[in-house]
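# Report on the structure
Chain by chain, the residues:
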Amino acid sequence: LLQFVDGTRTTLGAQTTYRIDTYDWQPAAKSTAVYELVKGVFKTVTGAITRTESHYQVNTPIGSIGIRGTEFWGGYLVPDKVDVLFISGDSIIDVSNRFGTISLLEPGLGTTLSANKAPTEPKRWPQAKVGKAVNTVYWPELYEPPF
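The present account deals with the structure reproduced in this document. Just so you know, these numbers come straight off a predicted model, no measurement behind them.

Our focus in this paragraph is the environment of Arg-9. Checked against the element boundaries, Arg-9 lands in strand S2 (residues 9–12). Taking relative accessible area as the criterion, Arg-9 reaches 27% and is therefore assigned partly exposed. In sequence terms Arg-9 and Gly-47 are 38 residues apart; their C-alpha atoms lie 7.4 Å from each other.

With respect to the helices and strands, Thr-111 occurs in strand S12 (residues 109–114). C-alpha separation for the pair Thr-111 and Arg-124, spaced 13 residues apart in sequence, amounts to 8.9 Å. A distance of 2.6 Å separates a polar atom in the side chain of Thr-111 from the backbone oxygen of Thr-120.

Once that is clear, we can look at the pattern of salt bridges. Opposite charge on two side chains makes pairing possible when the charged atoms of those side chains draw close. This structure, assessed with the given rule, holds five salt bridges. Here Lys-129 makes a salt bridge to Asp-83, at a shortest N to O gap of 3.4 Å. Taken together, the residues Lys-129 in helix H1 (residues 127–135) and Asp-83 in strand S9 (residues 81–89) connect sequence positions 46 residues apart. Under the relative-accessibility criterion, Lys-129 is labelled partly exposed at 24%. The shortest N-O distance in the salt bridge between Arg-124 and Glu-106 comes to 2.3 Å. You can see Arg-124 sitting in strand S13 (residues 123–124) and its partner Glu-106 sitting in the loop between strand S11 (100–104) and S12, a full 18 residues away along the chain. Judged by relative accessible area, Glu-106 falls into the partly exposed class, the value being 37%.

What counts and how
- Residues numbered from 1 in each chain as written.
- Predicted model: local features only at pLDDT ≥ 70, side-chain atom pairs only at ≥ 80, totals over all residues.
- Heavy atoms only, no water.
- Helix = DSSP H or I, 4+ residues; strand = E, 2+ residues; numbered from the N terminus.
- Buried < 20%, exposed > 50% of the residue type's maximum accessible area, 1.4 Å probe, protein only.
- Polar contact = N/O pair within 3.5 Å; in protein donor to acceptor, adjacent residues only side chain to side chain.
- Salt bridge = Lys/Arg side-chain N within 4 Å of Asp/Glu carboxyl O.

Encoded structure:
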């Protein structure tokens with residue numbers, strides 16, 4: 001579990017490589033947080049940094065995830081594809097690459113990033129896929145149900 005001073009909490013799955021490229025939290029000014037998911041999976045509950053006019057982004061080799069204040073999951077459920085799930089919150093998650101951008105507008109919606117393709121259209125994930133994703137970052141002492 002990574003806990004940042006603004007209250008953001010990120011849980012990493014086993015054998016995940018997740019790099020902090022920039023973390024500049026300024027409570028009274030514009031802040032920046034940029035991370036990179038190289039491999040594996042993660043779940044994040046954003047803190048105060050996304051409730052201000054700040055830049056918050058998670059990059060992957062095939063696209064990026066821009067967050068505006070929410071709980072979300074991202075990672076490789078299968079090789080060479082990054083899935084993103086909006087777990088909870090009342091903001092928007094933008095998922096983009098050089099082929100396009102989609103927005104996840106409500107909890108339960110997900111998308112997939114693949115090389116050389118725009119992100120898939122948002123769709124409600126079946127409970128089996130939600131369970132599979134959440135179980136990748138399941139640590140009993142930290143567990144909070146996703147919905």
